[in-house]
Amino acid sequence: MRAKNIALLAVMTSVCVGIQLTPRPPQIEFTSLICFLTGFLFGSFFGVSVGALTMLINGFLSPWGFGDINIPFQILGMALIGFVGGVYRKSCTRAGNPSARWFSLEVSFLAAFLTLIYEIIVTVGFVIFLNVNIIVALILGAWFTVVHVVSNTVLFGTALFGLVRIVSNVLGEQPWSYKKEVL
Amino acid sequence: MELQKRSLIILCLGWLASLALASFVAGYYYMEFQNLNGLIEKYENVIMRVNICIDYKELNETVVWYNDTIVSLGCNLLQATETVALVNSTYSPAQQASFVNAINGVSNHGAYFWMWQHWNDVQEKWEYGDVGADRYRLTNNETVRWRYELPSYT
């Protein structure tokens, strides 16, 4: 790995961990957005690395307490989000860039699905730890899942497009030129 | 073409997610319902069900029914009414009973008062209560009615 890449990984992970450890309402987080963004801009490997590292550090430093047996599941869930960010980018490059509106719509739907998968993966951790039925565990946490999914859907739909453009500009690249929207 | 295929897949995934979420929420309320039912079954021998009607017909043509209201066994009409409505009452030591001043913000006004009646199952008619609401002990499956009305004795 090149020094530039390592620096990039460290910066993105620091941003994620910093936001993750900031006091915030439960189930509202920006980590998945940044992991997806990282995967999208710098490839699946980076997305997976940022997601995994962030959740590893978060597991030990989280204000909600030590992650315990749940840490590997949180790592897996967040790494998946970063991975899909890279895959989505590849798909966009191959098939042609969608318009800004379509992009926002697609990523918001994708966020809903990925957040749900993340919740299911993390619940599996709880199930193993607490030895309860997974369906019961998912049902009992239904409202937490709803808050997480809805907040991520809104966040991805409203912020990701802007973030992609900002980071691209900062990096001096134009990897993602959108078709101009006609209102 | 591929763009459409990808979009379609993503939209389907989002739709699946919303479906799963809806199922979880439905499951949550189903479990709550089951828990509540279990609780009611557990306390079945210390509760009873009554039907309470609040009749604002003289005021605004509204009649509201609270059927199968669960109250504790042996509770009085005033307590039962307080479980379904906001009641303002004054206890009169001389009468040793409470006088209802208002129900759900509708106060006795002028010659109009809140009167209560209970349904006579045998004669199949409403009968006026002859005691204060807090002196009347309800029985299981009893039907009672509060009426905002001009009492016949006025």
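Keep in mind the model is a prediction, meaning the values are calculated, not measured. (Residues numbered from 1 in each chain as written. Chains lettered and ligands numbered in written order. Predicted model: local features only at pLDDT ≥ 70, side-chain atom pairs only at ≥ 80, totals over all residues. Heavy atoms only, no water.)

### What to know about the overall build of chain B
Stated precisely, the cut-off is as follows: In this text, helices come from DSSP runs of H or I with a minimum length of four residues, and strands from runs of E with a minimum of two, each type numbered from the N-terminal end. It is over C-alpha atoms that the radius of gyration is taken, and the globule rule equals 2.2 Å times the number of residues to the power 0.38.
Helix and strand counts for chain B come out as three helices and eight strands. When the elements of chain B are put in sequence order from the N terminus, they spell out α-β-α-β-α-β-β-β-β-β-β. The C-alpha radius of gyration of chain B comes to 24 Å, more than 25% above the 15 Å expected for a compact globule of 154 residues. A principal-axis box enclosing the C-alpha atoms of chain B has dimensions of 85 × 40 × 35 Å.

### Examining the interface of chain A and chain B
Formally: Residue contacts follow a heavy-atom distance rule, with two residues in contact if any of their heavy atoms lie within 4.5 Å. Here's the idea: put two parts together, see how much 1.4 Å probe accessible area each one loses, and the total over both is what we call buried area. The term salt bridge refers to a side-chain nitrogen of Lys or Arg lying within 4 Å of a carboxyl oxygen of Asp or Glu. As used in this structure description, the phrase polar contact means that two N or O atoms lie within 3.5 Å; if the pair is within protein, one of them must be able to donate a hydrogen and the other to accept it, and residues adjacent in sequence are counted only when both atoms belong to side chains.
At the junction of the two partners, chain A supplies 24 residues and chain B supplies 18 residues. In total, chain A and chain B occlude about 2,000 Å² of area from one another, counting both sides; carbon and sulfur atoms represent 80% of this. The residue B:R6 makes a salt bridge to A:E106 at a minimum N-O spacing of 3.1 Å. Linking chain A to chain B there are four residue pairs in polar contact (both at pLDDT 80 or more).

### Considerations on the environment of A:E106
Take A:E106: it is sitting in helix α5 (residues 100-130). Taking the C-alpha atoms as reference points, A:E106 and A:V170, separated by 64 residues in sequence, lie 24 Å from one another.

### Describing the packing of aromatic side chains
Going by this rule: Ring geometry is summarised as follows: Phe, Tyr and Trp rings, the Trp one being its six-membered ring, pair when their centres sit within 6.5 Å, and such pairs are stacked at plane angles under 30 degrees, edge-to-face over 60 and tilted between the two. Throughout this description, buried means an accessible area under 20% of the type-specific maximum (1.4 Å probe, protein chains only), exposed means over 50%, and partly exposed covers the range between.
Tallying each qualifying case throughout the model produces 18 aromatic pairs over all chains. Measuring from ring centre to ring centre gives 6.3 Å for A:W143 and B:Y29, while their planes differ by 75 degrees; the resulting arrangement is edge-to-face. Taken as a pair, A:W143 in helix α7 (residues 142-170) and B:Y29 in helix α1 (residues 2-42) lie in two separate chains rather than in one. Since its relative accessible area comes to 46%, B:Y29 is described here as partly exposed.

### Focus on the packing of helix α1 (residues 3-21) of chain A against helix α2 (residues 31-42) of chain A
Residue and element names in this part refer to chain A. Short version of the rule: For helices, the fitted line uses only the C-alpha atoms of the stretch in contact; every axis is such a line through C-alpha atoms, and the angle between N-to-C directions lies from 0 to 180 degrees. Roughly parallel refers to an angle under 35 degrees, roughly antiparallel to one over 145, roughly perpendicular to one between 65 and 115, and oblique to any angle outside these ranges. Crossing handedness: left-handed means the near helix sits turned counterclockwise from the far one by under a right angle, and right-handed means the same turn made clockwise.
α2 packs onto α1 with a crossing angle of 165 degrees between their chain directions and a minimal axis gap of 9 Å. Between α1 and α2, the crossing angle belongs to the class labelled roughly antiparallel. You can see that α1 and α2 cross each other, and the crossing is right-handed. Only T31, I34, C35, L37, T38 and F42 of α2 make contact with α1, whose side of the interface consists of L8, M12, V15, C16, I19 and Q20.

### Some words on the sheet that holds strand β7 (residues 125-128) of chain B
By way of backbone hydrogen bonds, the strands of a sheet pair with one another, either parallel or antiparallel. Residues and elements named next belong to chain B. What counts is decided by this rule: A pair of strands is considered paired only if DSSP assigns at least 2 bridges between the two.
If you walk across this open sheet you meet the five strands as β2-β1-β8-β6-β7, and the pairing is mixed. The open sheet has two edge strands, β2 (63-72) and β7, and neither has a second partner. Strand after strand, the sheet turns through a mean of 30 degrees between neighbouring axes, direction not considered. Along the sheet, helix α3 (residues 77-84) makes contact with β1 (47-55), β2, β6 (113-120) and β8 (143-149), crossing β2 at roughly 115 degrees.

### So, the pattern of salt bridges
All names here are of chain B. Scanning the model with the defined rule gives four salt bridges over all chains in all. In this structure, D55 and R147 form a salt bridge, with 3.7 Å as the shortest nitrogen-oxygen distance. Taken together, the residues span a long stretch of sequence, with D55 in strand β1 and R147 in strand β8 at a distance of 92 residues. Exposure remark for D55: the relative accessible area of 3% places this residue in the buried category.

### As for the nonpolar core
One recurring pattern in soluble globular proteins is that nonpolar side chains are buried together. What counts, and what does not: Here, the term nonpolar core denotes a set of buried Ala, Val, Leu, Ile, Met, Phe, Trp, Tyr and Cys residues that are joined through side-chain atoms within 4.5 Å.
Core analysis: the largest hydrophobic core is formed by 33 residues, its most contacted members being A:F36, A:Y88, A:F103 and A:L160. Among the secondary structure elements, those contributing two or more residues to this core are α1, α2, α3 (44-61), α4 (71-95), α5 and α7 of chain A. Core analysis: the next-biggest nonpolar cluster, separate from the first, contains 24 residues, B:L78, B:A80, B:V100 and B:A133 among them.

### Some words on the side chain of A:H148
Take A:H148: it is sitting in helix α7. Residues contacting A:H148, with those up to four places away along its chain left out, are A:Q27, A:E29, A:T115, A:Y118 and A:E119.

### Things to note about α1(A)
Residues and elements named next belong to chain A. Threshold: Under the convention used throughout, the expected extent of a helix is 1.5 Å for every residue step, that is, one less than its residue count. Throughout, the arc means that of the directions going from the helix axis to the C-beta atoms.
Between the first and last C-alpha of α1 there are 26 Å, a value that for 19 residues agrees with the 27 Å anticipated at 1.5 Å per step. Of all the residues in α1, the buried ones are N5, L9, M12, T13, C16, V17 and Q20. Angularly, the buried residues of α1 cover 135 degrees about the axis, an arc narrow enough to put them on a single face. Pointing more than 90 degrees away from the buried face of α1 are the exposed residues A3 and K4. The inward-facing, buried residues of α1 contact α2 and α3.

### Describing the confidence of the model for chain B
All names here are of chain B. Which entries qualify depends on this criterion: pLDDT gives the predictor's per-residue confidence on a scale running from 0 to 100.
In this model, chain B carries an average pLDDT of 91, and 97% of its residues clear a pLDDT of 70 or more. At the low end of the mean pLDDT range in chain B sits helix α2 (residues 57-60), at 83; at the high end sits α3, at 95. Scored by ipTM, the complex comes to 0.82, with pTM at 0.73.

### Remarks on the packing of α5(A) against α7(A)
Residues and elements named next belong to chain A. For the pair α5 and α7, interaxial distance at closest approach is 8 Å and the crossing angle is 145 degrees. Judged by the sense of rotation from one axis to the other, the crossing of α5 with α7 is right-handed. Listed contacts from α7 to A100, F103, S104, V107, S108, A111, A112, T115, L116, Y118 and E119 of α5 are T145, H148, V149, N152, T153, F156, G157, L160, F161 and V164.

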